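A look at the structure
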Amino acid sequence: MQRIDNYYTATVNDTTHYPALEGDLSVDIAIVGGGLTGVATAVELAERGFSVALCEANRIGWGASGRNGGQVTGSLSGEQAMLKQLGKTHGKAAEDFVWHLRWEGHDIIRERIARYDIKCDLKTGHLHTAWREPDVQDFLETVEIAHSYGMEDDVSWETTESVHEMLDTTLYHGGIYNKRNLHLHSLNLCLGEARAAASLGAHVFEQTQVLDIKGGRNPQLKTANGIISARKIVLAGNAYHRLARKQLNGYLFPAILGNMTTEPLSDELAKQINQHDVAVYDSRMVLDYYRLTADKRLMFGGGTNYSGRDIDNVAAELKPSLVNTFPALKDVKISHAWTGTAGIVMNRIPLVGKFDRNVYYAQGYSGHGIATSHIMGEVLAEALTGTLEKFDVFAGFDHHRVPGTQWLGNGMLALGMWYYQFKEKLAD
Ligand SMILES: Cc1cc2nc3c(=O)[nH]c(=O)nc-3n(C[C@H](O)[C@H](O)[C@H](O)COP(=O)(O)OP(=O)(O)OC[C@H]3O[C@@H](n4cnc5c(N)ncnc54)[C@H](O)[C@@H]3O)c2cc1C
């Protein structure tokens with residue numbers, strides 16, 4: 001399949017088509033999936049001198065990586081759950097581990113953009129806004145923690161008044177301004193990394209769906225027109241793959257997220273609504289998130305469908321929240337509206353592990369995947385080249401498997417999310 005029409009596809013800067021696999025091939029590592037997890041892992045491995053083949057069922061960046069909000073957040077999904085599990089035995093060392101890990105994705109992305117000259121509209125600055133007054137205490141504690149790790153210059157608490165000066169809205173009760181966080185054109189990043197991997201000798205295939213994987217002593221990927229034999233396999237198909245159901249079913253739930261962009265705003269209007277050109281997301285469980293693109297459209301995402309069904313009319317669903325946030329945009333036209341599927345994990349800790357001896361997987365970043373996919377690319381590459389420390393930490397986390405999801409669908413997840421939304425409504 002081709003990529004769906006959206007803002008990213010309309011402004012893509014790399015039109016390379018990679019061939020489909022025809023015939024058999026033998027490599028060190030074979031990767032399933034050409035989103036950020038797949039391409040980031042391919043670059044890591046190719047840089048370390050391994051021969052790599054990557055199979056993408058559709059086009060590179062076809063999935064969530066080419067449809068997301070473009071916000072590179074400084075939090076890993078499932079941080080609290082990780083600390084709870086690790087803290088029991090590792091105390092402060094666990095906090096330090098998680099704190100430092102959360103910034104590694106940013107460093108990899110920055111370094112890769114510079115090294116391979118990837119043009120993806122990189123900008124800095126996030127504002128995490130407090131939706132409710134009671135959220136403020138948690139925010140202040142977060143700022144204190146950041147300062148204790150030496151981030152005084154990067155992270156500051158902004159009062160209600162100061163946030164109202166930065167953004168043309170009265171919705172929030174202050175927020176955290178984080179200058180280390182990034183925002184970017186996610187599809188162009190993904191394509192730039194695929195190009196980097198190919199330039200290092202990786203075989204990149206599009207329109208090449210992996211139909212079956214075999215682990216054990218002689219791992220193989222089977223496709224319609226060829227077989228790839230490898231020493232190890234990486235499964236990076238996230239919410240879109242249906243492989244290894246025996247091992248992975250019931251851990252990851254597809255959630256449909258909506259996203260849209262306005263027509264380009266005038267320079268004055270863009271400055272009026274978002275003085276410092278920051279990416280913004282609020283503190284609700286089901287949140288709104290937005291940022292200005294390079295051509296000054298407002299990209300606005302929010303409202304999540306956890307039922308696994310697609311959203312009928314994304315623009316109609318999201319526009320009221322956009323206007324509620326910025327009344328000044330009430331007459332602005334929506335240029336693109338689309339959906340994508342994110343992989344949600346019950347405790348939000350990324351699902352990382354290995355089965356059948358030689359099949360590794362990383363998936364389910366619960367909406368925080370741009371940085372996390374790069375962290376996991378590094379974790380997987382380290383594991384595949386013999387350094388298992390971080391991989392073992394992730395593979396060791398407990399996850400809840402929801403039995404019978406093939407019959408219940410996303411029912412359990414939907415129920416859980418409705419509960420959280422209901423609690424938030426009561427607290428409003
Ligand atoms: C609307 C939306 C907004 C988001 N906003 C943000 C945000 O602002 N910030 C953030 O950090 N994260 C965000 N996310 C999450 C983020 O986009 C994902 O976590 C991340 O892109 C996951 O990357 P991935 O490579 O693991 O998966 P994907 O990008 O989904 O890629 C998986 C790929 O595997 C391929 N595939 C599947 N099965 C097979 C097979 N059998 N054979 C071959 N190929 C296969 C698919 O075609 C697909 O291209 C958002 C997600 C969505 C949907």
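This report concerns the structure included in the present document.

Basis of the calculations
Residues numbered from 1 in each chain as written. Predicted model: local features only at pLDDT ≥ 70, side-chain atom pairs only at ≥ 80, totals over all residues. Heavy atoms only, no water. Helix = DSSP H or I, 4+ residues; strand = E, 2+ residues; numbered from the N terminus. Rg over C-alpha atoms; globule rule 2.2 N^0.38 Å. Buried < 20%, exposed > 50% of the residue type's maximum accessible area, 1.4 Å probe, protein only. Contact = heavy atoms within 4.5 Å. Areas by Shrake-Rupley, 256 points an atom, 1.4 Å probe, with all protein chains shown as cover. Core = buried A, V, L, I, M, F, W, Y, C linked by side-chain atoms within 4.5 Å. Near = heavy atom within 4 Å. Polar contact = N/O pair within 3.5 Å; in protein donor to acceptor, adjacent residues only side chain to side chain. Nonpolar A, V, L, I, M, F, W, Y, C, P; charged D, E, K, R; others polar. Salt bridge = Lys/Arg side-chain N within 4 Å of Asp/Glu carboxyl O. Pairing = 2+ DSSP bridges. Phe/Tyr/Trp six-rings, centres within 6.5 Å; stacked < 30°, edge-to-face > 60°. Lys NZ or Arg CZ within 6 Å of the ring centre and 35° of its normal. Expected span 1.5 Å × (residues − 1). Arc of directions from axis to C-beta.

Secondary structure assignment for the chain yields 13 helices and 17 strands. Against the compact-globule benchmark of 22 Å for 428 residues, the chain has a radius of gyration of 21 Å, which places it among compact chains. With the C-alpha coordinates aligned to their principal axes, the bounding extent of the chain is approximately 60 × 50 × 45 Å. Across the 428 residues of the chain, 56% fall into the buried class. Within the chain, contacts between residues separated by at least 24 positions form 76% of all contacts whose residues are at least 6 apart in sequence. By element, 51% of the accessible surface of the chain is carried by carbon and sulfur atoms, the whole surface being about 18,100 Å².

We now examine the nonpolar core. In terms of nonpolar packing, the biggest core is built from 58 residues, with I31, I60, I109, L184, L189 and M376 touching the most fellow members. Among the elements that take part in this core, helix α10 (residues 369-384) stands out by supplying nine residues, more than any other.

Moving on, we get to unusual backbone geometry. Phi angles above zero are rare outside glycine, and N238 is one such case at about 45°. Structurally, the position occupied by N238 is in the loop between β10 (226-235) and α7 (245-248). A positive phi angle is found at S366, which is not glycine, with a value near 45°. Locating S366 in the fold gives a position in the loop between β17 (359-363) and α10.

With that settled, the discussion passes to the side chain of T339. Checked against the element boundaries, T339 lands in strand β15 (residues 334-345). For T339, a relative accessible area of 12% corresponds to the buried category. Those residues in contact with T339 that lie beyond four places of it in its chain are I4, R67, I256, L257, G258, D310, I311 and V314.

Here the focus is the site of the ligand. The local shell around the ligand holds 38 residues, among which T37, E56, S65, Q71 and V210 are the closest. At a separation of 3.1 Å, an oxygen atom of the ligand approaches a polar backbone atom of A64. Here N238 contributes a side-chain N or O atom positioned 3.5 Å from an oxygen atom of the ligand. Broken down by element, the shell around the ligand gets its largest block of residues, three residues, from β15. The residue inventory of the shell around the ligand, partitioned by class, reads 15 nonpolar, 21 polar and two charged.

Right, let's talk about the pattern of salt bridges for a bit. For the coordinates displayed, the defined rule picks out 21 salt bridges. Ionic pairing is found between R112 and E44, a salt bridge with its closest N-O pair at 3.0 Å. Placement of the pair is R112 in helix α3 (residues 79-115) and E44 in helix α2 (residues 36-47), with a sequence separation of 68 residues. With its nearest N and O atoms 2.9 Å apart, the salt bridge here joins D295 to R297. A relative accessible area of 12% means that R297 is categorised as buried.

The next thing to look at is the pairing of strand β9 (residues 220-223). Two strands pair when backbone bridges link them, and strand β8 (residues 210-214) and β9 are joined in this way by four bridges, in the antiparallel orientation. Considered in β9, the bridge of D212 is made with K222. Taking the residues that link successive antiparallel strands as the turn, the β8-β9 hairpin has five residues, and the phi of G216 there is positive, at about 75°. Here β9 runs beside β10; their pairing, made up of four bridges, is antiparallel.

On to the packing of aromatic side chains, then. The full count for this structure, using the stated rule, is 12 aromatic pairs. Ring geometry for W99 versus Y149: centroids 4.7 Å apart, planes at 10°, classification stacked. Placement of the pair is W99 in helix α3 and Y149 in the loop between α4 (135-148) and β5 (155-158), with a sequence separation of 50 residues. By relative accessible area, Y149 is classed as partly exposed at 23%. Ring centres 5.7 Å apart and planes at 75° place the aromatic pair F394 and F397 in the edge-to-face group. Taken individually, F394 and F397 each receive the classification buried, so the pair is uniform in this respect. A network of ring pairs unites the aromatic residues Y7, Y8 and W338 as a single cluster. The ring centre of W62 lies 4.8 Å from the NZ or CZ of R67, which sits over that ring. Sitting above the plane of the W103 ring, R180 keeps its charged end 4.9 Å from the centroid.

Looking now at α4. Helix length check: α4 (14 residues) gives 20 Å between terminal C-alpha atoms against 20 Å at 1.5 Å per residue, within 8%. Along α4, the residues classified as buried are D135, V136, F139, V143 and A146. Projected down its long axis, α4 carries its buried residues within an arc of 95°, all on one side. Seen from the open side of α4, the exposed residues pointing more than 90 degrees away from its buried face are D138, E144 and S148. Looking at the packing, one finds that the buried side of α4 touches α3, β4 (123-129), β5 and β6 (175-183). The positive-phi residue at the C-terminal boundary of α4 is G150, with phi of around 80°.

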